[in-house]
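# Descriptive analysis of the structure
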Amino acid sequence: MMTVLQQGFASPLTADRALEIADAAVRGSAADAVEVTVLGRTGEYTRFAGDRIHQPQDITEVTAMVKAVVDGHAARASTSDLRSVAETAQRAAGLARELAGAANRPGSVVVAEPAQIPELRLRHDDTVAFDAGRRVALVRRAMDGARARSGQAYGMIGRALTQIAVANSAGVSVEASATEASGSLTVAVDDGTAHWIDLHRSADALGAEGAIDATLDRAVRGRGRIAVPDGEFTVVLGPEAAGELLGFLEAFGFSGDLAAAGVGVCAQNHGDRLVAPTVSVADDALSSYGLPIPFDFEGTAKRRVPFFERGVVGEPVTDLATAAALGTPSTGHAHIAREEVPHPVAANVVMEPGTATEADLIAGVDRGIYVERFWYTRLVDRSASTITGVSRDGCFLIENGRLTQPLATGRFTQSVLGFLATVDGVGDTVRSQPVMNVWNGSASAPALRGHGFRFGSRPLEAGK
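Report follows, based on the coordinates. Predicted model only: the values in this text are computed from it and were never measured.

### Remarks on the sheet that holds strand E11 (residues 348-351)
Strand order in the open sheet formed by six strands is E10-E9-E8-E11-E18-E17, with mixed pairing between adjacent strands. Both edges of this open sheet fall to strand E10 (312-313) and strand E17 (431-434), since each of them pairs with a single strand only. One ladder, built from four bridges, connects E17 with strand E18 (residues 442-445); its direction is antiparallel. Each bridged residue has a counterpart across the sheet, and for Arg-431 the counterpart in E18 is Ala-445.

### Observations regarding the packing of aromatic side chains
Counting across every chain of the model gives 11 aromatic pairs. Ring centres of Phe-374 and Phe-412 lie 4.5 Å apart, and the angle between their planes is 40 degrees; on these two criteria the pair is classed as tilted. With Phe-374 in strand E12 (residues 367-381) and Phe-412 in strand E15 (residues 411-415), this pair connects stretches of sequence that are 38 residues apart. Residue Phe-374 shares its accessibility class with Phe-412, and that shared class is buried. An angle of 45 degrees between the planes, with centres 5.4 Å apart, marks the rings of Phe-453 and Phe-455 as tilted. Take Phe-453 and Phe-455: they sit in the same class, and that class is buried. By way of ring pairs, the aromatic residues Phe-233, Phe-374, Phe-412, Phe-419, Phe-453 and Phe-455 are connected into one cluster. Between Arg-221 and the ring centre of Phe-396, over which it is positioned, the NZ or CZ distance is 5.8 Å. Over the ring of Trp-375 we find Arg-392; its NZ or CZ atom is 4.3 Å from the centre of that ring.

### Side note on the pattern of salt bridges
Inspection of the entire model under this criterion finds 22 salt bridges. Ionic pairing is found between Asp-190 and Arg-223, a salt bridge with its closest N-O pair at 3.8 Å. Residue Asp-190 is located in the loop between strand E5 (173-189) and strand E6 (192-200), and its partner Arg-223 is located in the loop between helix H5 (208-221) and strand E7 (231-237); the two are separated by 33 residues in the primary sequence. You can call Arg-223 partly exposed: its relative accessible area is 40%. Here Arg-449 makes a salt bridge to Asp-424, at a shortest N to O gap of 2.9 Å. With Arg-449 in strand E19 (residues 448-455) and Asp-424 in the loop between helix H11 (416-420) and strand E16 (425-426), the pair connects residues that are 25 residues apart, well separated along the chain. Using a relative accessible area of 13% as the deciding quantity, one classes Arg-449 as buried.

### A short note on the sheet that holds E5
One open sheet accounts for six strands, arranged E3-E2-E1-E4-E5-E6; its pairing is antiparallel. Here the strands that pair on one side only, and so sit at the sheet edges, are strand E3 (73-79) and E6. With direction set aside, neighbouring strand axes in the sheet form an average angle of 15 degrees. Strand direction decides the pairing type here: E5 and E6, joined by nine bridges, are antiparallel. Paired with Val-189 across the two strands is Gly-192, which belongs to E6. Along the sheet, helix H1 (residues 15-27) contacts strand E1 (33-50), strand E4 (152-168) and E5; its crossing angle with E4, the most-contacted strand, is approximately 50 degrees.

### Regarding the nonpolar core
Nonpolar side chains in soluble globular proteins tend to end up buried together. Residues Leu-237, Leu-249, Phe-307, Ile-369, Phe-419, Leu-420 and Phe-455 are the most contacted members of the largest nonpolar core, which totals 45 residues. Those residues in contact with Ile-369 that sit more than four places away from it in its chain are Val-228, Phe-233, Thr-234, Val-235, Val-236, Cys-395, Phe-396, Leu-397, Ile-398, Leu-407 and Phe-455.

### Here we look at the packing of helix H4 (residues 132-148) against H5
It is at 10 Å that the axes of H4 and H5 come closest, and there the two elements cross at 15 degrees. With respect to H5, the element H4 is oriented roughly parallel. Seen from above, H4 lies across H5 with right-handed handedness. On H5, the residues touching Leu-138, Arg-141, Ala-142, Gly-145 and Ala-146 of H4 are Ala-208, Glu-209, Ile-212, Asp-213 and Leu-216. A breakdown of the residues in the contact of H4 with H5 according to their chemical character gives six nonpolar, one polar and three charged.

### Description of the pairing of E7
E7 sits mainly inside the fold: six of its seven residues count as buried. Bridge count between E7 and E19: six bridges; the pairing is antiparallel. Bridge pairing links Val-235 to Gly-450 in E19. Two strands pair when backbone bridges link them, and E7 and E12 are joined in this way by four bridges, in the parallel orientation. Bridge assignment links Thr-234 to a residue of E12, and that residue is Gly-368.

### A word on H5
The terminal C-alpha atoms of H5, which comprises 14 residues, lie 20 Å apart, in line with the 20 Å expected from a rise of 1.5 Å per residue. What H5 keeps buried is the set Ala-208, Ala-211, Ile-212, Thr-215, Leu-216 and Ala-219. Buried positions in H5, seen along its axis, are confined to an arc of 135 degrees and lie on one side of it. Turning to H5, the residues buried within the fold contact H4, E5 and E6.

Each value, and the rule that gives it
Residues numbered from 1 in each chain as written. Predicted model: local features only at pLDDT ≥ 70, side-chain atom pairs only at ≥ 80, totals over all residues. Heavy atoms only, no water. Pairing = 2+ DSSP bridges. Helix = DSSP H or I, 4+ residues; strand = E, 2+ residues; numbered from the N terminus. Phe/Tyr/Trp six-rings, centres within 6.5 Å; stacked < 30°, edge-to-face > 60°. Buried < 20%, exposed > 50% of the residue type's maximum accessible area, 1.4 Å probe, protein only. Lys NZ or Arg CZ within 6 Å of the ring centre and 35° of its normal. Salt bridge = Lys/Arg side-chain N within 4 Å of Asp/Glu carboxyl O. Axes fitted to C-alpha atoms, helices over the stretch in contact; angles between N-to-C directions. Contact = heavy atoms within 4.5 Å. Core = buried A, V, L, I, M, F, W, Y, C linked by side-chain atoms within 4.5 Å. Parallel < 35°, antiparallel > 145°, perpendicular 65-115°, else oblique. Left-handed = near helix turned anticlockwise from the far one by under 90°. Nonpolar A, V, L, I, M, F, W, Y, C, P; charged D, E, K, R; others polar. Expected span 1.5 Å × (residues − 1). Arc of directions from axis to C-beta.

Next up, the structure:
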């Protein structure tokens, strides 16, 4: 039967139709075990640059992924043609049979068993109502505000519905769809620039009007920039800069594949206090921050996975394969990204907020640097948790508890865990940002104050 995608702002498929497609492919497979995951997304994006909306964009996409298992050996195939999901399942079963025939012993791949799925509030009426008219009004606010300041604005305001359905031969049959609202804005006034980004299941939670106004004001305030001085500084990182650091935690050992290989902090420092007691971070798919979702690509229920509890090292995220290697239940973090092999991924990293306002954090600094966001960050040394990158946009000197001289982009090289060990102030407001190449991925953080953050490309002087 031909599948007709739903029209308007709705999930690409009804819940019943998504499960019907997955269940039919499972029933028709000749493999020992099979798992079918259907991913869908309906997105509406209002993109703008300068003084015009240059790309009003609507996207509807659906993909079905099949994992077939024969004698414990698995093969995968996928399709975006919903008429060929059963055929794709047969192709995956044939590939798995070839792998099993070429192997000299049984494999260990399994599919998930049915389990209770957590109930989450995933759909928000205010996001459903976040239509083109409301989005265009926000865009006009940004463009008109920039023009009034002799500047320009660039960015995107959007809404989406994300859908996942999983069925397998063990009896798993689950579906979820969730609203998503997002916005990003860059404002340039002379050489001053400022940036805002946020996302949430609820459009109202973005506080977009206030965020746009604040970004416009920071761009004006950022005119007349000077170079970032080399050296080590007390810094206040805005929520976006702090969230960028969280995106690296998985690479330091909070992933099941690294932990199973004995690499990283979970394998080597579990239970140790490595960062400040002010720091609590988890991959929390059940949180109201970021992009919560109740189960993963394998149909395993998600749970909160603590990375740091008051500074103490917690657990890695796992999928079925890495959980088996570690001798633990899966935490529900199976993931398949484009051009990557399947592996567990931290998809909703959240740092607990504190009680201080960002102004409070700044007021506690005699001399330091405020960083709005980072850019072009790259991992340098996994074992030392060192990354490099540049600061960007609203970056200022802090003098006597106040933002003073605007600063230009500056190179930094810094141990992330080393910095988190110095954090003595945590902001009370959390903002979220997407994580590249992670389905439904986000990192959410408040502002942070810490010490010894190193800017500059020159070697430090001896003894520093």
